[in-house]
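# Topology and contacts: notes
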Amino acid sequence: MQTQILPELLATPAGQRVDAILRKCVHCGFCTATCPTYQLLGDELDGPRGRIYQIKEVFEGLPADRSVQRHLDRCLTCRSCETTCPSGVDYGELIDIGREQVESSVPRPFGERLLRRLLGSLLPYPSRHGWLFRSASTLRGLLPTGLRQKAPRIRPLGNFPNPSSDGSAGRVLLLEGCVQSTLSPNTNAAAAAVLQALGYEVLREPSPGCCGAVNQHLSQTEQARRWVRGNLERWQALDRQQGIDFIVSSASGCGVMLKDYPRILQQMPAVPDEQKSLVERIRDLSELLDAETLRRRQPDFRAPELRIAWHAPCTLTHGQRLVDRLRAQLEALGFRLSVPRDAHLCCGSAGTYSLLQPELSKQLRDDKLDALNAEAPDLIITANVGCEHHLGSASELPVRHWIELVAEGLPR
Ligand code: SF4
Ligand code: SF4
């Protein structure tokens, strides 16, 4: 695609990236076929090609307006389009830059500003939102139907085994996550048990924080960078004290943000090289699951005798491209998984999307649950806390993180 980016924007690193990304796009439109918002709304401007075109126009000097902002807001950042694109267009990066540019020039109505600020200053801090989620979960049964669906269902900490570990596989810093540590603390407990069973020594964070994804999704770039900087400083201190081989997240939504740190760090020149090098040790939990090792170390491991519907989060499928690996490892452990039709489509959770775009989000959730329930499974598993609670808000069946089932199969 030919571009004519404004010279003052082309002089910036962001403008140069936009130019390079746009030039890769050949405008073929293959991506629209796999875009959930285009499928629901049937409007070219609510598909990837249309959004790319709108960002191009903004960088070429056409003033952005509320209409452009709305079309960019409706994007789930699921990156299904990126997987489909034959030209390797880095859509996820482009939409991030495009949103930031539009945000700086188009004021939002007061209510939207307030909601976004509230979400950005509440969700990344377990100490600020933990009490709210816990109260809503406890009082769930007493709430009217509409509110009940929105209230989280926090499961009690699982009774997972505590296998001894010689640490021969390495030392892992397990990131507990901001929302995950309050909504699904059982996921972190299960992850620690399985990592130990695989031979890792597990370090828990002294106080869980955020990877920066919440603020990043809300185009609150400075706050997101503060999280990145703070995390690198904390990890560096731990690494100096104890030595860390891997930095692991069990929520694929956090994982995709963490894997994006190298790109973000390019915009943060003051970060020392020692901190920058830490990002090479970031792994998604699924990357450390090795069925052969687990079977060898835990010969009495028992796979669940259940029919399991597998919901692959976009952040694992498109963002990290790890979905086939994880499914293969789970099947090698004896899991019986069914994959729903249109598995590549987002469930509508997408970070804060379910709160900011409730109508579209609900439609996607209901379609996803229909697909997941088609083969009458006993339960649904996934790999991200957001999908787990979003699907769980309307599901008759339990929705759980895959690691909990692996942990329950370990010998007691
Ligand atoms: S598939 Fe890729 S090259 Fe084709 S329109 Fe979409 S982003 Fe552009
Ligand atoms: S990221 Fe997802 S919702 Fe956004 S344009 Fe791409 S496919 Fe569509």
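In case you missed it, the structure is sitting above this.
Figured I'd write up the structure that's included with this text. (Residues numbered from 1 in each chain as written. Chains lettered and ligands numbered in written order. Predicted model: local features only at pLDDT ≥ 70, side-chain atom pairs only at ≥ 80, totals over all residues.)

### Brief notes about the overall build of the protein
Cut-off, in case you're wondering: Strands are runs of DSSP state E lasting at least 2 residues, helices are runs of H or I lasting at least 4, and numbering of each runs from the N terminus. Atoms counted for the radius of gyration: C-alpha only. Globule rule: 2.2 Å times residue count to the power 0.38. Here a residue counts as buried when 20 or more other C-beta atoms sit within 10 Å of its C-beta, as exposed when there are 12 or fewer, and as partly exposed otherwise, the C-beta atoms being derived from the backbone. A pair of residues counts as a contact when their C-beta atoms, built from backbone coordinates, are separated by no more than 7 Å.
The secondary structure content of the protein amounts to 25 helices and 8 strands. Computed over the C-alpha atoms, the radius of gyration of the protein is 21 Å, within 12% of the 22 Å expected from 2.2 N^0.38 for a compact globule of 412 residues. Counting only C-alpha atoms, the protein reaches 65 × 50 × 40 Å along its principal axes. Classification of the 412 residues of the protein by burial places 45% in the buried group. Within the protein, contacts between residues at least 6 apart in sequence are counted, and of these 75% link residues at least 24 apart.

### Here we look at the site of ligand 1
Going by this rule: Nearness between a residue and a molecule or strand is assessed with a C-beta atom placed from the backbone; a distance within 6 Å qualifies. Residue polarity is assigned by list, with Asp, Glu, Lys and Arg as charged and Ala, Val, Leu, Ile, Met, Phe, Trp, Tyr, Cys and Pro as nonpolar; anything else, Gly included, falls into the polar class.
Within the structure, ligand 1 sits among 15 residues, and C25, C28, C31, C85 and V89 are positioned closest to it. Elements represented by at least two residues in the shell around ligand 1 include exactly α4 (48-59) and α6 (80-84). The leading source of residues in the shell around ligand 1 is α4, at 3 residues. Class assignment of the residues belonging to the shell around ligand 1 gives a composition of 10 nonpolar, 4 polar and 1 charged.

### A few points about the sheet that holds strand β7 (residues 379-382)
For clarity, the cut-off: Following DSSP output, two strands are said to pair if at least two bridges run between them. Comment: axis = line fitted to C-alpha atoms, over the contacting stretch for helices; angle = value between 0 and 180 degrees taken between N-to-C directions.
Spatially, the 4 strands line up as an open sheet ordered β6-β5-β7-β8, and their pairing is parallel. Edge strands, defined here as strands with exactly one partner in the open sheet, are β6 (336-338) and β8 (399-401). Neighbour to neighbour, the strand axes of the sheet diverge by 40° on average, direction disregarded. Pairing between β7 and β8: 3 bridges, direction parallel. Bridge pairing links I380 to V399 in β8. Together, β7 and β8 form the strand contacts of helix α24 (residues 385-392), whose direction differs from that of β8 by roughly 170°.

### Some details on the nonpolar core
Stated precisely, the cut-off is as follows: Any nonpolar core is a set of buried residues, restricted to Ala, Val, Leu, Ile, Met, Phe, Trp, Tyr and Cys, that join up through C-beta atoms within 7 Å. All domain edges in this entry derive from an automatic or database-based domain assignment.
V194 and L195 are the most contacted members of the largest nonpolar core, which has 101 residues in total. The greatest single-element share of this core, amounting to 7 residues, is contributed by helix α12 (residues 185-197). Residues lining this core come from more than one domain, with at least three contributed by each of domain 1 (7-107) and domain 2 (299-408). Beyond its immediate chain neighbours, meaning those up to four positions away, V194 contacts I403, V406 and A407.

### Describing the environment of A151
Summarising the element assignment, A151 is placed in the loop between α10 (145-150) and β1 (170-175). The spatial distance from the C-alpha of A151 to the C-alpha of S137 is 5.9 Å, given a sequence separation of 14 residues. Dropping the residues within four chain positions of it, A151 is found in contact with A136, S137, R140 and L143.

### Digging into the sheet that holds strand β2 (residues 200-204)
Taken in spatial order, the 4 strands make up an open sheet running β2-β1-β3-β4, and their pairing is parallel. Here the strands that pair on one side only, and so sit at the sheet edges, are β2 and β4 (282-284). The mean inter-strand angle of the sheet, taken between neighbouring strand axes irrespective of direction, is 35°. Where strand β3 (residues 246-249) meets β4, 3 bridges bridge the pair, whose relative direction is parallel. Each residue of the ladder has a partner; that of S249, found in β4, is D284. Helix-sheet contacts for helix α14 (residues 221-242) involve β1, β2 and β3, and the interaxial angle to β1 is about 155°.

### Quick notes on helix α21 (residues 323-332)
As a reminder of what qualifies: It is the directions from the helix axis to the C-beta atoms whose arc is reported.
For α21, the set of buried residues is V323, L326, Q329 and L330. One face of α21 carries all of its buried residues, which in axial projection span an arc of 130°. Of the residues in α21, the exposed ones pointing more than 90 degrees away from the buried face are D324 and A328. On its buried face, α21 is in contact with α18 (285-288), α19 (291-297), α20 (314-319), β6 and α25 (402-408). Phi turns positive one or two residues past the end of α21, at G334, with a value near 105°.

Just geometry here; none of it tells us what the structure is for.
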